[in-house]
Amino acid sequence: MLLLHEISLKQGTAFTVFTEAELIEATDNFADKNILGRGGFGTVYRGLFKDDGVVAVKRCVSLMASEQQKKEFGKEMLILSQINHKNIVKLLGCCLEVEVPMLVYEFIAKNCREASCTCA
Ligand SMILES: Nc1ncnc2c1ncn2[C@@H]1O[C@H](COP(=O)(O)OP(=O)(O)OP(=O)(O)O)[C@@H](O)[C@H]1O
């Protein structure tokens, strides 16, 4: 909650707090066919919203056990929410009402990904 407060204070662009139901619907219940890839924090799914179009939903595979993992995750959220640059993927929002946190990014087509960077 403190993190969300900090994000809302610092960032200039829209940041949405999604419900779990919205992300379940957008990803077709995290269907395998929507898996875009896997990273250090978990799996990234293609999501489709009626109004906002295609997004990428990052869902952690398991509870973040260590304080270090929680810190890293929070840091990624805070930094990305404040950056608006053509070469850095945009963080559109998050969902924290679940045990396993999820982040929602703009969708980057495969042929454009090499030029983008999600490093935080
Ligand atoms: N915004 C996005 N749009 C489309 N596909 C994405 C997006 N973000 C991630 N992906 C896909 O999901 C994969 C995993 O991404 P993720 O950001 O979780 O991990 P990473 O950056 O590869 O590694 P790490 O989590 O260790 O930093 C990527 O390699 C890519 O194929």
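Within each chain, residue numbers correspond to sequence positions counted from 1 in written order. Whole-chain, interface and lining totals are the exception, using all residues; otherwise, since this is a predicted model, local features are given only for residues with pLDDT of at least 70 and side-chain atom pairs are given and counted only at 80 or more. Just so you know, side-chain values use all the structure's heavy atoms and leave hydrogens and water out.

Peer 1: Explain the overall build of the protein chain here, please?
Peer 2: Put simply, DSSP H or I for four residues or longer makes a helix, DSSP E for two residues or longer makes a strand, and each gets a number counted from the N terminus. From N to C terminus, the protein chain includes four helices and six strands. When the helices and strands of the protein chain are listed from N to C terminus, the series reads α-β-α-β-β-β-α-β-β-α. Relative accessibility under 20% of the residue-type maximum defines a buried residue, over 50% an exposed one, and the middle range a partly exposed one, all with a 1.4 Å probe and only protein chains included. Within the protein chain, buried positions represent 35% of all 120 residues. Restricting the contact set of the protein chain to residue pairs at least 6 apart, pairs at least 24 apart contribute 52%. Two residues qualify as a contact provided that any one of their heavy atoms is within 4.5 Å of a heavy atom in the partner residue.

Peer 1: Just to check I follow, could you spell out the packing of aromatic side chains for this structure?
Peer 2: Centre distance and the angle of the planes are the two values used to describe a pair of aromatic rings. Working definition: a ring pair exists when centres of Phe, Tyr or Trp rings (six-membered ring for Trp) sit within 6.5 Å. Plane angles under 30 degrees give stacked, over 60 give edge-to-face, the rest tilted. For the structure on display, the rule yields two aromatic pairs. Considering the side-chain rings of F18 and F49, the 5.2 Å spacing of their centres and the 15° angle between planes classify their relative orientation as stacked. Of this pair, F18 sits in the loop between β1 (16-17) and α2 (20-26) while F49 sits in strand β3 (residues 42-49); the two residues are 31 residues apart in sequence, bridging distant segments of the chain. By the burial criterion, F18 is buried, and F49 matches it. Positioned above the aromatic ring of F30 is the side chain of R59, whose terminal nitrogen or guanidinium carbon lies 3.9 Å from the ring centre. Two conditions define a charge sitting above a ring: the NZ of Lys or the CZ of Arg must be within 6 Å of the ring centre, and it must be within 35 degrees of the ring normal.

Peer 1: Whenever I open this one, the sheet that holds strand β2 (residues 35-38) confuses me. Can you help?
Peer 2: Either a parallel or an antiparallel arrangement is found when strands of a sheet pair, and the pairing is made through backbone hydrogen bonds. Each pair of strands is called paired provided DSSP finds at least two bridges between the two strands. Read across the open sheet, the six strands follow the order β1-β5-β6-β4-β3-β2; overall the sheet is mixed. At either end of the open sheet lies a strand with only one pairing partner, and these are β1 and β2. In this sheet, strand β6 (residues 102-106) lies alongside strand β5 (residues 91-95) in antiparallel orientation, the contact comprising four bridges. The residue bridging C95 from the neighbouring strand is M102, located in β6.

Peer 1: Is there a simple way to think about unusual backbone geometry in this case?
Peer 2: The phi angle of most residues is negative, glycine excepted, and most peptide bonds adopt the trans form. Residue D28 is not a glycine yet carries a positive backbone phi of 60°. Topologically, D28 is positioned in the loop between α2 and β2. With a relative accessible area of 42%, D28 lands in the partly exposed category. Look at N29: it is not a glycine, yet its phi comes out positive at around 60°. Tracing the backbone through its elements, the reader meets N29 in the loop between α2 and β2.

Peer 1: Got a minute to help me understand the side chain of N34 in this structure?
Peer 2: Structurally, N34 is set in the loop between α2 and β2. Classification of N34 as buried rests on a relative accessible area of 10%. At 2.8 Å, the side chain of N34 forms a polar contact with the backbone oxygen of T27. Other than its neighbours up to four places away in sequence, N34 contacts T27, D28, V44, Y45 and R46. Here a polar contact means two N or O atoms within 3.5 Å. Within protein one must be a hydrogen donor candidate and the other an acceptor candidate, and residues neighboring in sequence count only if both atoms are side-chain atoms.

In short, geometric facts, not functional conclusions.
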